[in-house]
Amino acid sequence: MALPGVVRGPVLSWGVTVINIPDFFRKPWATLSTREKLIKLHHWSLHNLPWTLPDEFSHPDLGALLRARGVETVDILDWYDSRASLRVDMNQPVEAKFHNRYALFIDIGCLEHVFDTRQCIENCLRMVAPGGHYVLCTPVSGWVGHGFHTFDAKGLGLALTLNGFEIVFHRYTTREGKNLEQPKGDTLIWLVGRKLREMGEFKIPQQDYWWGEVFGTNPSSPSQADKAQPPNADGSEPLRVRA
């Protein structure tokens, strides 16, 4: 949210993101119990949080915080929550009237709960206006039993860059917010993509891991030996390649 030009309206927030900060972060040091002092010291030293909670975060949810920062329109997207202004099933294509509509789309922990990832990601990207930003936080390691999916970080990045976005921020963290160099255990990815142009047909990422790591070739440029191998009866690749 501190990136220049990211916070501007209209904004679409997926779900009501509650800001739940314990009251003892607002209390003077002398009034805290020993346990509260230890917790506050832990967060201050490990996560580099401010010693005293700034007043700008004293809001019940993300929507209220954004409005306090001058954003006039903050729509809430949710299929189940009655507080949402957009009751949309993200497994289905969104209506064209929502395409290119929002300067900022915020998804903090929803993508992994939608079964049809391909359609959901296309929906999210189409709803962002050219020049706008897509903010995504989702699991890329661990989080067993949390949602339908744990994602490959490269695949998420490709979904954005193949469809007219540039990645302007990329970070891994633990669930508590500690920065990580690489995913390990329960890990979240934080991505911010800026939309460079209006989307055409949605381009689906293809994973080249097996070609590059196992065969050392690019699937778009098969070797002469591969070309010489006859296909199987079903028209698929030779058995040698499929092994």
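Everything discussed here concerns the structure shown above.
Residues numbered from 1 in each chain as written. Predicted model: local features only at pLDDT ≥ 70, side-chain atom pairs only at ≥ 80, totals over all residues. Heavy atoms only, no water.

1. Points about helix 4 (residues 153-161)
Side chains of residues three or four places apart in an α-helix project in the same direction, reflecting 3.6 residues per turn. Every buried residue of helix 4 is listed here: Ala153, Leu156, Gly157, Ala159 and Leu160. On an axial view of helix 4, the arc spanned by its buried residues comes to 155°, and they lie on one face. Elements that come into contact with the buried residues of helix 4 comprise helix 3 (117-127), strand 4 (128-141), strand 5 (165-174) and strand 7 (187-195). One side-chain oxygen at the N-terminal end of helix 4 lies 3.2 Å from the backbone nitrogen of Lys154; it belongs to Asp152. (Buried < 20%, exposed > 50% of the residue type's maximum accessible area, 1.4 Å probe, protein only. Helix = DSSP H or I, 4+ residues; strand = E, 2+ residues; numbered from the N terminus. Arc of directions from axis to C-beta. Contact = heavy atoms within 4.5 Å. Polar contact = N/O pair within 3.5 Å; in protein donor to acceptor, adjacent residues only side chain to side chain.)

2. Topic: the pairing of strand 4
Within strand 4, twelve of the 14 residues are buried, leaving the element largely enclosed by the surrounding structure. Two strands pair when backbone bridges link them, and strand 3 (residues 102-108) and strand 4 are joined in this way by six bridges, in the parallel orientation. Residue pairing for strand 4: Ile106 is matched across the bridge by Val135. The parallel pair strand 3 and strand 4 is bridged by helix 3, and the resulting crossover is right-handed. Judged from the eight bridges that link them, strand 4 and strand 7 form a sheet pairing that is antiparallel. Note that in strand 7 the partner of Leu136 across the bridge is Leu191. (Pairing = 2+ DSSP bridges. Right-handed = clockwise from strand over helix to strand, strands pointing away.)

3. Looking at the pattern of salt bridges
Under the definition given, this model contains six salt bridges. Close ionic contact of Lys97 with Glu95 constitutes a salt bridge, the shortest N to O distance being 4.0 Å. Judged by its relative accessible area of 55%, Lys97 falls in the exposed class. What makes Glu95 partly exposed here is its relative accessible area of 48%. The residue Arg194 makes a salt bridge to Glu166 at a minimum N-O spacing of 2.6 Å. Of the two residues, Arg194 sits in strand 7 while Glu166 sits in strand 5, which places them 28 residues apart along the sequence. Under the relative-accessibility criterion, Arg194 is labelled partly exposed at 31%. Via salt bridges that share partners, Arg118, Glu122 and Arg126 belong to a single interconnected network. (Salt bridge = Lys/Arg side-chain N within 4 Å of Asp/Glu carboxyl O.)

4. A closer look at the sheet that holds strand 1 (residues 11-14)
As summarised here, the arrangement of the seven strands in space is 2-1-3-4-7-5-6, forming an open sheet in which the pairing is mixed. In this open sheet, the two edge strands, each paired with only one partner strand, are strand 2 (74-77) and strand 6 (179-180). Along the sheet, helix 3 makes contact with strand 1, strand 3, strand 4, strand 5 and strand 7, crossing strand 4 at roughly 145°. Contacting strand 4, strand 5 and strand 7, helix 4 runs over the sheet at an angle of about 160° to strand 5. (Axes fitted to C-alpha atoms, helices over the stretch in contact; angles between N-to-C directions.)

By themselves, these figures tell us nothing about what the structure is for.
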